[in-house]
Structure formats: structure tokens, C-alpha cells
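Residue-level structural notes
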Amino acid sequence: MYQSQRLALKYFTAAIVVFGVMVIGGLIAATDFVQPRFLYPELPFNIAKILHIDGLIVWLLTGFIGAVYWFLPGELGRETEGVRLAEIMFWILCAAVAVVFAVFVLVQYGGSDQFAMWFINQGRKYVEAPRWAAIGIVLVMLVFAYNVVFTAIRARRMTGILAVMMIDLVPLVVLYLDAFPVIENMSVDLYWWWWLVHMWVEATWEVLIGCIVALALMQLLNTPRRIVEIWLYIEVGLVLGTGILGLGHHYFWIGTPQYWLGIGGLFSAFEPLPLLGMVIHAVYDAGTQHMKTTNQPSLFWMMAEAFGNFLGGGMWGFMMTLPQINLYSHGTQWTVSHGHFAFWGAYACGVISVIYLALQKTRGAEVLESGAWKWSFALLNIGLIGMVGSLLVSGMAQAFYERAIGGSTLQAFITAQSSPWFTQGMVARLAFGVIFAVGYVWLVYDLLTIGRRRVPAPILEPA
Amino acid sequence: MSAEQMLETSILLGLFVLLAGGYGVLYGLGQLRRRRDLVMASFASYGLQCMVAAAVLLFTPLLGWWKAFIGLSCALYCLLPPITWRYLTLLHRLEEHEP
């Protein structure tokens, strides 16, 4: 095994640990909606929410980086260039994440001054990490980019997937720099902040996971390289074509010019198309193999990726993306429902699938099989779908009572928050969140144990 | 747009995409398994999608521009799963025949 792949396993371990932090933060935040003084003032809602959403970003990002370190040596037939530096950066990243989370929990907030920005909290959603940690993240991403580019240069080899990935690394790093400027005008600040959040999630991350899935499909289903590369080009073209200007669907209530609403609505209305293409491709690939592979967990998670992305990103997004509806749904629990489903489908399932692929090779299992993976798969997906459904009901109640009827006044806000549709949705979300958390525990157990016991390879009957 | 219309329109738009997905998936499965019933079910899904699109055009207060977009998308989408499938199988066939 390459050193790079050993490093990948560390990244996967870190990803799963931070996934756990995200789940705990989410459970606390969900409980706060049902019992508003739960853990207050020791761990108030805003801190739990930060742990939840920053945890999400960190675990997915570490999962992506791990996946690339895993596939890179195999793709280029050599050890990753600068892998020792990458290893050092891994430990720096882990230490930084631990310190930042500890500061969020123990210190929580500071004054409106430079010290707070540098050492406690930058104060911008999703990129709350204090300035020193944000610089550390940039360094980690730069080293990661160096590893990928210089490995290809040293190997004197280039593949279509790697070329797409390398091009994608540029905006991946550059867009994060958008987390740094301090802009006092809130409209201008939010205008650029959405570039970071949207372009990462609906453009550069989509491309990166597209590359990772392409690499995974070649191992998982022996899909020929030429096919995955052509599909990657088509899907990346569609994702970028629709996703970049889809940015406008976030530009509500922040003072941006009105033309953005139409542009955002139109382009994001096309966003289901690449997602549907992925679903049809997944049906073809899995169908030709009759859903049979030596790594069932990875295949099922890959299928969940395709369908979850389509439903969460495509269907849930299309329900609220046209401006006349977005006007009301924007920033309600409805959006939260869409966010949960889309992140899960587009990214989380893909990362879990790749982890199972890596485990099969690491543990030398001819067939990767266990009973626990089915439980974790079922519990996590049932929990997620239940949460998403509950949030949708609550969000629709908010859009209905608070926005459309009440006109977004404070009284309308209170009316919506006390509506049984909203409150019962929040209780249901918490219940399904607990199911999801149990699924997470099963997942961890399975990842620790699967493949350690020999399972005989299936005897294939002659055709 | 009234509060009720907002929810109704949104649900119709969600169904529009769900049925489009149903058409694509069932069509693909039907072709793959060579099962006529699944292919017919995919066309039924598309038929329902057209009905949803008609409901959006007739009963929702979306602006004319968006209604035109939905109508046109629905009409063009008819061709998308068969074209995608044909391209996908052609690609795989070419790959199999290449040394």
C-alpha cells in the first residue's frame, strides 16, 4: 500500500470523527427547537449550530481529500509527491479543527474586535473558523493542490479525470480566500459570501465529487475509463453551466439587484438535468452488473448518492427555486430541508462509498460484507429522509404563516413558530435525528469491524 | 400569489421533477431488463408529468415566462431519457468492440 493511501485512511478516520461532532451538534440544535433552554447557557443554540454546519464542511472536505489521496497513486502509478508534507498538514489540520471546536464550545464568542476575529470566531456562517485557522485551511488546500499537480508532473502522465480535478483545485482554493475580506456593507459582504458558499457547494465540490465518483466507479464496477471520463465531461459541463449562474437563487433579501432573481431562478431550474443524467448512468452501471459486486456497501452508498442527489438537489431544489416561491421559502426550515437532503445525497453518500472501497483493499477482503452495514445504511437513510420530510413540513408552515400571510413581521414570526405544523415538525425532526444518530453509531461499528473476518467469494454460475 | 397558491405551485413543481425522474429511471430499467411493462410505466410517468405541467400552466399564478419555461421543458424532456439511453449504450458498445 502506498504511503498516500495510509494518509487517506487517516483522513477518512478524521472525517468520520468530525461527522460524529456534526451529528452531536445537530442533535443539540434540534433539541433546542423542542426545549429552547436545553444546555443553555453552557452550550447555546448558536454554538451547537456552528458545530453542526462547520462539522459538515470539515468532514466532507477531509473525506474528499482522503479520497483523492487514496486514488491518486493508483491513477498515476507512483507515490504521491510531497506525501510527508501532506502528512504534517494532516496533523496540523486535525489540531486546528480540535482547537477551533474547543474554542467554539468553551469560549463561544468575543467582542467586535480584531482579537475575536483572529482567535475566536470570524462571524460569518459556514466560515466561522477564526482567522488563524482559516489561514491554516488555505495552507492545507495549497499543499493538497501541490500534491496532486506535482505527482502528475513527476509521473509524466495525465488522465482526463485528473485534468478536470486539477482545474477544479484552482477555484477550490481561490474561492476560499473569499472568507477573508472584512466588508462593512452587509449587502456587499453577503454578495461575495455567497460566491464562496454557493460556488463551493454547487460548482467546485460537485466537480470534485464527480472526479472521485468517476475514480470509484472504475474500481467498483470496472466501468471503462473512457466511459467515465466522457460522462464526467458531460456532467461537469452541465453542472458548471447551470450551477455558476444558479448563484442568483441565493440573492434574496440581501439588497442585490432584482435581475439576479430571474437569472438564478432560470439557471438553477436547469440544475436537475445533470443530476438526472447521473441517476440514469447509475441505473445502467448497476443494472448491467445486476447489483452484484464484491463490495455491496460501496455500491449501495453509490446508488444512494445518485438518487439522493437527484431528489435532494433536483426535486427539493426545484420546489422552491422559482423566484415567486423562493421569495417566501428563502431562509426558512424549507431551505434547511433542501440543504440536508442535497448535502447528504451529493456528498456524504459518495464519501461513505469511497471509504468502503478503501476498507476492502486495506483489509484484503475478497468480498466486503457484514450485517451491520445494512442496518447503518437503512437507519441513516430513514433518519435523513424523516428529518428532511419533517423540516419540509415545518418550513412550509413558516413560509405560509410567517411570510405569505403574515408579511414577515415579528408577530408573524411568532405565530409561525407556535403553529402546530411547525412545532410538531420540529419534534419529528428530533425523533428522526435520533434514528440518524443510531445509524451513525452502527456505521462507525461497521467501519471498524467489516472485512476483518473472511467471507467466501460467491461462486458465479456460468452464463 | 396567495399563501395557498404558493404551496400548491411548489408541490406541483416538485412533482414535475419527481415524475421526470420516474420517467428516466423506469425507461432505463425497462430497456436494461428488456421489460415492456417498465417502459410503459415510464411513459405513464411522463404522461403524469405532462398533466402536472398542464396544471402549472392553467392553475398557478406563475409569471408567463416561467409557465413557458415549464411547458417547453416538459415538451423537450420527452426525448431526453431515450436519447441519453441510446448514447449511453452506444458508448458502452463502442468500448466493448475496441481492442
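Going by the structure above, here's the rest.
The present account deals with the structure reproduced in this document. (Residues numbered from 1 in each chain as written. Chains lettered and ligands numbered in written order. Predicted model: local features only at pLDDT ≥ 70, side-chain atom pairs only at ≥ 80, totals over all residues. Heavy atoms only, no water.)

With respect to the overall build of chain A
Stated formally: Starting at the N terminus, helices and strands are each numbered in turn, a helix being any DSSP run of H or I of at least four residues and a strand any DSSP run of E of at least two. We compute the radius of gyration from the C-alpha atoms alone; for a globule the expected value is 2.2 Å times N to the 0.38, where N is the number of residues. For the exposure calls, accessible area comes from a 1.4 Å probe over protein chains only, and a residue counts as buried if that area is under 20% of its type's maximum, exposed if over 50%, partly exposed in between. Should any heavy atoms of two residues lie within 4.5 Å, those residues are counted as being in contact.
For chain A, the helix and strand inventory stands at 16 helices and zero strands. What you see for chain A is a C-alpha radius of gyration of 22 Å, in line with the 23 Å of a compact globule of 463 residues. The C-alpha extent of chain A, read off along each of the three principal axes, is 70 × 50 × 45 Å. Burial statistics for chain A: of 463 residues in total, 60% are counted as buried. Sequence separation of 24 or more characterises 81% of the internal contacts of chain A that already satisfy a separation of 6 or more.

Points about helix H16 (residues 420–449) of chain A
Residue pairs spaced three or four apart in an α-helix point in one direction, given the helix's 3.6 residues per turn. Residues and elements named next belong to chain A. Cut-off, in case you're wondering: A helix is expected to reach a length of 1.5 Å times the quantity of its residues less one. Here a polar contact means two N or O atoms within 3.5 Å. Within protein one must be a hydrogen donor candidate and the other an acceptor candidate, and residues neighboring in sequence count only if both atoms are side-chain atoms.
In this model H16 runs 43 Å from its N-terminal to its C-terminal C-alpha over 30 residues, within 8% of the 44 Å that 1.5 Å per residue would give. Of the residues that open H16, the one with a side-chain oxygen 3.1 Å from the backbone nitrogen of Trp421 is Ser419. At the C-terminal side of H16, Gly451 shows a positive phi close to 80°.

Description of the packing of helix H14 (residues 372–405) of chain A against helix H1 (residues 3–33) of chain B
Packed helix pairs are characterised by how far apart their axes lie and by the angle those axes make with each other. Test applied: The axes are straight lines fitted to the C-alpha atoms, using for helices just the contacting stretch, and the angles between their N-to-C directions are given from 0 to 180°. When the near helix sits turned anticlockwise from the far one by under a right angle, the crossing is termed left-handed; a clockwise turn instead gives a right-handed crossing. Classification convention: Asp, Glu, Lys, Arg as charged; Ala, Val, Leu, Ile, Met, Phe, Trp, Tyr, Cys, Pro as nonpolar; all other residues, Gly among them, as polar.
Where H14 of chain A meets H1 of chain B, the closest approach of the two axes is 9 Å, and the angle between their N-to-C directions is 145°. Like other packed secondary-structure pairs, H14 of chain A and H1 of chain B cross with a definite hand, here right-handed. Between H14 of chain A, through Met396, Ala399, Phe400, Ala404 and Ile405 of chain A, and H1 of chain B, the contact on the second element is made entirely by Ala3, Glu4, Met6, Leu7, Ser10 and Ile11 of chain B. For the contact of H14 of chain A with H1 of chain B, the per-class residue count stands at nine nonpolar, one polar and one charged.

Some details on the packing of H14 of chain A against H16 of chain A
Residue and element names in this part refer to chain A. Rules: Geometric relationships in this document are graded by angle, where less than 35 degrees denotes roughly parallel, more than 145 denotes roughly antiparallel, 65 to 115 denotes roughly perpendicular, and other angles denote oblique.
Where H14 contacts H16, the axes come no closer than 7 Å and their chain directions differ by 160°. By the angle class used here, H14 and H16 are roughly antiparallel. Regarding H14 and H16, the two cross each other, and that crossing is left-handed. For the contact of H14 with H16, the class distribution of residues is 24 nonpolar, nine polar and two charged.

Topic: a nonpolar patch on the surface
All names here are of chain A. Threshold: The patches described consist of residues with a relative accessible area above 30% and no salt bridge, like charges being joined within 9 Å and nonpolar side chains (Val, Leu, Ile, Met, Phe, Trp, Tyr) within 5 Å. Note that accessible areas follow from Shrake-Rupley with a 1.4 Å probe, and for residues the cover is restricted to the protein chains shown. Just to be clear on terms, a salt bridge is a Lys or Arg side-chain nitrogen sitting within 4 Å of an Asp or Glu carboxyl oxygen.
A cluster of nonpolar side chains, namely Val99, Phe115, Trp118, Phe119, Trp132, Ile135, Leu139 and Leu142, defines an oily patch on the protein surface of about 720 Å² accessible area. Listed by contribution, the elements that provide at least two residues to the nonpolar patch are helix H4 (114–119) and helix H5 (131–155). At four residues, the largest contribution of residues to the nonpolar patch is made by H5. Take Leu139: it is sitting in helix H5.

Description of the interface of chain A and chain B
Note the following rule: Buried area: the accessible surface (1.4 Å probe) lost by two parts on joining, summed over both.
Opposite the 41 residues of chain A that make contact, chain B presents 41 residues. Area buried by chain A at its contact with chain B is led by Ile280, Tyr284 and Gln324 of chain A, which between them contribute 20% of it. Summed over the shared surface of chain A and chain B, the number is zero salt bridges. Where chain A packs against chain B, one counts three residue pairs in polar contact (both at pLDDT 80 or more). Listed by contribution, the elements that provide at least two residues to the side of chain A that touches chain B are helix H8 (225–243), helix H9 (259–269), helix H10 (272–288), helix H11 (296–321), helix H12 (323–329) and H14 of chain A. Residue contributions to the side of chain A that touches chain B peak at 11 residues, all from H10 of chain A. Class assignment of the residues belonging to the side of chain A that touches chain B gives a composition of 31 nonpolar, eight polar and two charged.

A closer look at the pattern of salt bridges
Residue and element names in this part refer to chain A. Scanning the entire structure with this criterion turns up nine salt bridges over all chains. For Arg225, the salt bridge is made with Glu75, and the minimal N-O distance between the two is 2.7 Å. Taken together, the positions of Arg225 in helix H8 and Glu75 in helix H2 (residues 45–76) put the pair 150 residues apart, joining distant regions of the chain. Two residues, Glu229 and Arg225, come together in a salt bridge whose shortest N-O distance is 3.4 Å. One end of the pair, Glu229, and the other, Arg225, are both in helix H8, four residues apart, so they sit about a helical turn from each other. The class for Arg225 is partly exposed, based on a relative accessible area of 27%. Overlapping salt bridges bring together Glu75, Arg225 and Glu229 as one network.

Describing the nonpolar core
Residues and elements named next belong to chain A. What counts here: By nonpolar core we mean a set of buried residues, namely Ala, Val, Leu, Ile, Met, Phe, Trp, Tyr and Cys, connected to one another through side-chain atoms within 4.5 Å.
Among the nonpolar cores identified, the biggest contains 186 residues, and Phe19, Trp59, Leu60, Phe64, Trp200, Trp205 and Trp344 are the most heavily contacted of them. When residues of this core are assigned to their parent elements, the largest contribution, 21 residues, is made by helix H7 (residues 186–220). Discounting chain neighbours no more than four positions away, the residues touching Leu60 are Trp205, Phe343, Tyr347, Ala348 and Val351.

Comments concerning the packing of aromatic side chains
The criterion, for reference: Pairs were defined over the aromatic rings of Phe, Tyr and Trp, the Trp ring being its six-membered one, requiring ring centres within 6.5 Å. Orientation was assigned from the angle between planes: stacked under 30 degrees, edge-to-face over 60, tilted for the rest. Working rule: Lys NZ or Arg CZ, within 6 Å of ring centre, within 35 degrees of ring normal, means a charge sits over the ring.
One pass over the full model with this rule turns up 48 aromatic pairs over all chains. When the centroid spacing of 5.1 Å and the interplanar angle of 90° are considered together, the rings of Phe64 of chain A and Trp205 of chain A count as edge-to-face. With a gap of 141 residues between them, Phe64 of chain A in helix H2 and Trp205 of chain A in helix H7 connect regions that are remote in the sequence. Like Trp205 of chain A, Phe64 of chain A is buried. Both rings, one in Tyr23 of chain B and one in Tyr27 of chain B, keep their centres 6.3 Å apart while their planes meet at 75°; by these two values the pair is edge-to-face. Note that Tyr23 of chain B and Tyr27 of chain B are positioned in helix H1 at a spacing of four residues, about one turn of the helix. The pair formed by Tyr23 of chain B and Tyr27 of chain B is uniform in burial state, with each residue classed as buried. Put simply, the rings of Phe19, Trp59, Phe300, Trp301, Trp344, Trp373, Phe377, Phe436 and Tyr440 of chain A touch in pairs and so form one group of aromatic residues. The ring of Trp118 of chain A carries the charged tip of Arg131 of chain A above its face, separated from the ring centre by 5.7 Å.

A few points about H2 of chain A
All names here are of chain A. The terminal C-alpha atoms of H2 lie 46 Å apart, and with 32 residues this matches the ideal 46 Å at 1.5 Å per residue to within 8%. With 28 of 32 residues buried, H2 is to be regarded as a mostly interior element. Directly beyond the C-terminal end of H2, a positive phi value near 70° is found at Gly77.

Quick word on unusual backbone geometry
All names here are of chain A. That bond from Tyr40 to Pro41 is cis: its omega, 5°, falls within 30 degrees of zero. A positive phi angle is found at Leu39, which is not glycine, with a value near 65°. A positive phi is found at Tyr126, a non-glycine position, where the angle reads about 75°. If you trace the backbone, Tyr126 turns up in the loop between H4 and H5. The class for Tyr126 is partly exposed, based on a relative accessible area of 24%.

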